[in-house]
Amino acid sequence: MTYPSNFFLDVCFRFFRIKVILCCILITFIVGCLISLSSLTPDQCNCNGEQTKQHFLNNREHKLGIVVPFRDRFEELLEFVPHLHNFLKAQNLNHAIYVINQVDQYRFNRASLINVGFTIAVAGGCDYIAMHDVDLLPMNPLLSYAYPQKGLFHVASPQLHPRYHYSTFVGGILLVKREDFEKVNGMSNKYWGWGLEDDEFFVRLKEAGLNISRPGNLTSGIEGTFRHMHDRVWRKRDMAKCYNQREVTRRRDRTTGLNDVKYIIQSQYQLTINSASVDVINVALKCNRTMTPWCLCSEENKSSTVYSKTNHKDKLKQKNLKPAR
């Protein structure tokens, strides 16, 4: 059989063209893989959900005010300030730490001190705050303190807190935007002594329709997420109830809050603890003895029954705070 003179040239050309196409496909595939791998950063490779993505955001356009209600916890403060400063610095967060130290003769009022701290933080340029206990240290670096775009962010989730695990718990560490705190008129000023102020605040948030989100996809659990430094023997809680305190503080407070907290700033200092800066504000709260006579409890007026948040956690859900009459 004879072939045309150009037959072999045609076969060679087709074979060459197929090889070129296959090489192009192979080269394109290799280049695409290299580009994909090179564009992945360690941040993008971390697959712990929305909370992890927030953790690595550059949040310098916002300023976080850490508001720490405080009294007689100097040892904890020495550890708290540098630990939290370094924790937030690792997240590239613009922040300031405000320790609101109660120096009056009245019983400790955590909620009023947070109201005072919020006012001071806003004056210092903060557009959101962390209501932060001094005895609770975040240990898992994936706990984000970033600006809570979609509402409040409860860092110390009951699924992760070492001690409190009921669903309506919002204490420990809570991130709140300026406008949200103002919307609910801050916290009640009626809670002298220990307990219930954060449960009342939870009801305020729910009535205002504000969303509360919490960390997700963390595997460190209640043992490895935080370190709780409180010694219940050495640091006894002021759980006494006197006058009609028990009845009043189990109701939603519709009369007091951010707009009427009364206080005097006696002095203010900027300290440095292990290269970490902190503002310590000495505050004397004022008490309306007609409205809240329990800001001072005499022995004869103390209730024989002490309140325990752990024992009553099932009762302190939303139904426990009755509507104001």
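Conventions adopted
- Residues numbered from 1 in each chain as written.
- Predicted model: local features only at pLDDT ≥ 70, side-chain atom pairs only at ≥ 80, totals over all residues.
- Heavy atoms only, no water.
- UniProt positions renumbered as here; feature names shortened; annotations may be inferred.
- Helix = DSSP H or I, 4+ residues; strand = E, 2+ residues; numbered from the N terminus.
- Buried < 20%, exposed > 50% of the residue type's maximum accessible area, 1.4 Å probe, protein only.
- Contact = heavy atoms within 4.5 Å.
- Phe/Tyr/Trp six-rings, centres within 6.5 Å; stacked < 30°, edge-to-face > 60°.
- pLDDT = per-residue confidence, 0-100.
- Disulfide = S-S within 2.5 Å.
- Pairing = 2+ DSSP bridges.
- Salt bridge = Lys/Arg side-chain N within 4 Å of Asp/Glu carboxyl O.

The name recorded for the protein chain in an unreviewed UniProt entry is Beta-1,4-N-acetylgalactosaminyltransferase, from Laodelphax striatellus. Quoted straight from UniProt, the Cofactor (unreviewed entry) entry for the protein chain says "Mn(2+)". Word for word, the UniProt comment on the protein chain under Function (unreviewed entry) is "Catalyzes the transfer of galactose onto proteins or lipids."

Enquirer: An account of the environment of Tyr269 is requested, with residue identities and associated values reported.
Expert: Within the secondary structure layout, Tyr269 lies in strand 9 (residues 263–273). For Tyr269, a relative accessible area of 47% gives the class partly exposed. Considered as a pair, Tyr269 and Asn282 are 13 residues apart in the sequence and their alpha carbons are 8.5 Å apart. Excluding residues within four positions of it along the chain, Tyr269 makes contact with Val278, Asp279, Val280 and Asn282.

Enquirer: Tell me what's going on with the packing of aromatic side chains, and back it up with residues and numbers.
Expert: The tally for this structure, following the rule as stated, stands at seven aromatic pairs. For the pair Tyr128 and Tyr147, a centre-to-centre distance of 5.2 Å together with 90 degrees between the ring planes defines the contact as edge-to-face. With Tyr128 in strand 3 (residues 128–132) and Tyr147 in the loop between strand 4 (136–138) and strand 5 (152–154), this pair connects stretches of sequence that are 19 residues apart. No difference in accessibility class separates Tyr128 from Tyr147, as the two residues are buried. Site record: aromatic cluster; members linked through ring pairs are Phe118, Phe181 and Phe201.

Enquirer: Can you tell me about the confidence of the model for the protein chain, naming the residues and giving the values?
Expert: Per-chain confidence: the protein chain averages 84 in pLDDT, with 72% of residues scoring 70 or above. The low-confidence segment residues 35–49, where pLDDT is below 50, has ten contacts with residues more than four positions distant or belonging to other chains. In this model residues 304–319 is a low-confidence stretch, pLDDT under 50, and it forms 31 contacts with partners more than four residues away in sequence or in other chains.

Enquirer: Any chance you could break down the state of the cysteines for me, citing the residues and the numbers?
Expert: In this structure the tally under the stated criterion is two disulfides. Each sulfur in the disulfide pair Cys242 and Cys297 lies 1.8 Å from the other. The S-S bond linking Cys242 to Cys297 shows a torsion near -75 degrees; that makes this disulfide left-handed. In this pair, Cys242 is assigned in the loop between strand 8 (226–228) and helix 9 (245–248) and Cys297 in the segment after strand 10 (276–285), connecting sequence segments 55 residues apart. There is a disulfide in this structure between Cys287 and Cys295, and the S-S distance comes to 2.1 Å. Here the S-S torsion is close to -90 degrees, and the disulfide linking Cys287 with Cys295 is therefore left-handed. One exposure class covers both Cys287 and Cys295, and it is buried. Across the protein chain, the way the bonded cysteines pair up, counted in sequence order, is 1-4, 2-3.

Enquirer: Go over unusual backbone geometry with me, naming the residues and quoting the values.
Expert: Phi is mostly negative for residues that are not glycine, and the peptide bonds are mostly trans. Non-glycine residue Tyr243 carries a positive phi angle of around 55 degrees. With respect to the helices, strands and loops of the structure, Tyr243 is situated in the loop between strand 8 and helix 9. The exposure class of Tyr243 is partly exposed, given its relative accessible area of 43%. Of note, the phi angle at Asn274 is positive, near 50 degrees, even though the residue is not glycine. Mapped onto the secondary structure, Asn274 falls in the loop between strand 9 and strand 10.

Enquirer: Can you break down the pairing of strand 1 (residues 64–70) residue by residue, with the values?
Expert: Strand 1 sits mainly inside the fold: seven of its seven residues count as buried. Burial along strand 1 is two-sided: Leu64, Ile66, Val68 and Phe70 and Gly65, Val67 and Pro69, pointing in opposite directions, are all buried. Sheet analysis places strand 1 next to strand 2 (residues 95–102), joined by seven bridges and oriented parallel. Its bridge partner lying in strand 2, Val68 is registered against Val99.

Enquirer: I'd like a rundown of the pattern of salt bridges, residues and numbers included.
Expert: Here the structure, examined in full by the defined rule, presents 13 salt bridges. We note a salt bridge from Asp133 to Arg110, for which the minimum N-O separation is 3.2 Å. Placement of the pair is Asp133 in the loop between strand 3 and strand 4 and Arg110 in helix 5 (residues 110–123), with a sequence separation of 23 residues. Arg110 sits in the buried class, given a relative accessible area of 10%. A salt bridge links Arg252 to Glu200; its shortest N-O distance comes to 3.6 Å. Remark: Glu200 occurs in helix 7 (residues 197–207) and Arg252 occurs in the loop between helix 9 and strand 9; sequence separation between them is 52 residues.

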